[in-house]
Number of protein chains: 2
Amino acid sequence: MKPEYVLPDEIEKRSFEIISDELGDIKILDEIRPILMRVIHTTADFDYLENLKFSENAVKTALDAIKKGAVFVTDTNMAKSGINKPALKKLGCTAECFMADDDVADIAKQKCITRATASVDKASQIDTPVIYAVGNAPTALIRLYEHLQSGTFSPALIIGVPVGFVNVVQSKEMIMSCDTEYIVASGRKGGSNVAAAICNALLYMAGGR
Amino acid sequence: MKPEYVLPDEIEKRSFEIISDELGDIKILDEIRPILMRVIHTTADFDYLENLKFSENAVKTALDAIKKGAVFVTDTNMAKSGINKPALKKLGCTAECFMADDDVADIAKQKCITRATASVDKASQIDTPVIYAVGNAPTALIRLYEHLQSGTFSPALIIGVPVGFVNVVQSKEMIMSCDTEYIVASGRKGGSNVAAAICNALLYMAGGR
């Protein structure tokens, strides 16, 4: 099998055509389709067709937040680095990750909580709309759940796609049980790459490129 | 299902116990096991048990290169950001990604090649051992193949785990056909997260933590 010659600028387009072909006639809501396609593009994993769950107004609410200059907060620097910076800039949005901040490390150590938990508390002080993207730490989702319950922090959208084995499934179920807007990959799968892919899909839908 | 209480420092250990339980009695070579486990830890995807292919001396050669202060070159800043910096420092290694460099962008545009291809050419000038980790761009693997054929660049190890639909499968097969040391995720799956996980597994095996 020899490589197919595809012009550099056409590679992503060709990938999306292949994904579209393989999805065939499966019915997918128009507003969800670009997000699902981008996650499959990022993972080559069609399991997300079943796994990816959207609250009713997730996409609409996220696009509204982006119009208001949303801050994308991620739970890894890896997810942050995967978000398209020109798209953020074009739309007047920003991305933050507090995981490596000294104050977060100090509080985490002092309270014996994860840095991901302490980062959620720090993000709760932001006064512009927040899109909180969790690709790694279930403890971040659990803290977001606690804030939602107590009314102390309510992001415009929670992207809940941590990956792994300890409390991942549970933390996602907790978020989906809340009266909040979410995009969640149910089950064990997800990751920083998936988190970034969802953020980028939303940015592109909002006109970021 | 309620969350299990696990101390922050114990989460990774507990995850590895769960993965180990689920792998059960499957026979895995000792030197490969930590790499496979970390990739599954990163992806929650047991397909890698079948997909991940190692050339005969891949691990040994990589550990030797790390002892000599290897440069980990990645094809995305996301993969670079996922590599454990304290581990790199402890072992006297470094990580580089040339994708956002102006000279790479200029050459790519001028020659109508991808920036990933131009990055490989730039990396070919490095005179310490290189571990080249490709989590995204098949064109990087194709250029590495060309350099291997012409004898102009021979990394100590090629980590070939791009993800996707256009030339991904082919480019991995090209690398596996070469007389080179490789760790490759055959098929469509992979990603920057997988590339970083393999780099980190090697760093930890070398005593990086």
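The structure this text deals with has already been given above.
**Student:** Help me out: how do you make sense of the nonpolar core in this one?
**Tutor:** Leu-52, Phe-72 and Ile-198 of chain A together with Leu-52, Phe-72 and Ile-198 of chain B are the most contacted members of the largest nonpolar core, which has 102 residues in total. Setting aside its immediate chain neighbours within four residues, Leu-52 of chain A contacts Ile-35, Leu-36, Val-39, Ile-183, Val-184, Ala-185 and Ile-198 of chain A.

**Student:** Looking at this structure, how should I read the layout of surface pockets?
**Tutor:** If a probe as big as a water molecule is rolled over the atoms, it shows which places are left empty. What the second largest pocket holds in volume is close to 1600 Å³. Going through the elements one at a time, α5 (77-82), α7 (102-111), α8 (115-123) and α9 (138-150) of chain A together with α1 (11-23), α2 (33-43), α5 (77-82) and α11 (192-205) of chain B are the ones with two or more residues in the lining of the second largest pocket. A per-element tally of the lining of the second largest pocket places α11 of chain B first, with 5 residues. Across the lining of the second largest pocket, the residue classes tally to 21 nonpolar, 17 polar and 8 charged.

**Student:** Can you help me understand the relation of the copies chain A and chain B in this one?
**Tutor:** One copy of the chain maps onto the other through a rotation about an axis followed by a shift along the same axis. Of the transformation placing chain A onto chain B, the axial shift is 0.0 Å and the rotation is 180°, giving an RMSD of 0.0 Å. Taken together, the rotation angle and the small translation identify this as a two-fold axis. The rotation axis passes nearest to the C-alpha of Met-78 of chain A in chain A, at a distance of 2.6 Å. The residues that chain A uses at the interface reappear at the interface of chain B in 100% of cases, marking a shared surface.

**Student:** Help me understand helix α11 (residues 192-205) of chain A, please; the structure alone is not making it clear to me.
**Tutor:** One full turn of an α-helix is made of 3.6 residues, so residues set three or four places apart face in the same direction. Residue and element names in this part refer to chain A. Taking 1.5 Å per residue, 14 residues should reach 20 Å; α11 reaches 20 Å between its end C-alpha atoms and fits that length. Counting buried residues in α11 gives 13 out of 14 residues, a clear majority hidden from the surface. Two residues or fewer after α11 comes Gly-207, characterised by a positive phi angle close to 100°.

**Student:** Hey, could you run me through the pairing of strand β3 (residues 94-97) of chain B in this one?
**Tutor:** Strand residues, when the strand is regular, have side chains that alternate between the two faces of the sheet. Residue and element names in this part refer to chain B. The alternating pattern of β3 places Ala-95 and Cys-97 on a buried face, while none of Thr-94 and Glu-96, on the opposite face, is buried. Here 4 bridges tie strand β2 (residues 71-74) to β3, and the two strands are oriented parallel to one another. What sits directly across from Val-71, in β3, is Thr-94.

**Student:** I keep staring at the interface of chain A and chain B and nothing clicks. Help me out?
**Tutor:** Think of interface size as the accessible area that goes away when the parts come together; that is how it is often given. In this complex, chain A contributes 44 residues to the contact, which on the side of chain B involves 44 residues. Taken over both partners, the interface formed by chain A and chain B buries close to 3300 Å², and the fraction arising from carbon and sulfur atoms is 69%. Counting every contact that joins chain A to chain B gives 4 salt bridges. Across the pair Asp-45 of chain A and Lys-189 of chain B runs a salt bridge, and its minimum N-O distance is 3.8 Å. Joining chain A to chain B, the criterion identifies 6 residue pairs in polar contact (both at pLDDT 80 or more). Elements represented by at least two residues in the side of chain A that touches chain B include exactly α1 (11-23), α2 (33-43), α5, α9, α10 (168-176) and α11 of chain A. With 6 residues, the single largest contributor to the side of chain A that touches chain B is α1 of chain A.

Cut-offs and rules
- Residues numbered from 1 in each chain as written.
- Chains lettered and ligands numbered in written order.
- Predicted model: local features only at pLDDT ≥ 70, side-chain atom pairs only at ≥ 80, totals over all residues.
- Heavy atoms only, no water.
- Core = buried A, V, L, I, M, F, W, Y, C linked by side-chain atoms within 4.5 Å.
- Buried < 20%, exposed > 50% of the residue type's maximum accessible area, 1.4 Å probe, protein only.
- Contact = heavy atoms within 4.5 Å.
- 1 Å grid on protein atoms, 1.4 Å probe; cavity = no way out; pocket = protein on both sides within 12 Å on 5 of 7 lines; lining within 4 Å.
- Points joined across faces, edges and corners; volume = space filled by probe spheres on them.
- Helix = DSSP H or I, 4+ residues; strand = E, 2+ residues; numbered from the N terminus.
- Nonpolar A, V, L, I, M, F, W, Y, C, P; charged D, E, K, R; others polar.
- Least-squares fit on C-alpha atoms with pLDDT ≥ 70 in both.
- Expected span 1.5 Å × (residues − 1).
- Pairing = 2+ DSSP bridges.
- Buried area = accessible area lost by both parts, 1.4 Å probe.
- Salt bridge = Lys/Arg side-chain N within 4 Å of Asp/Glu carboxyl O.
- Polar contact = N/O pair within 3.5 Å; in protein donor to acceptor, adjacent residues only side chain to side chain.

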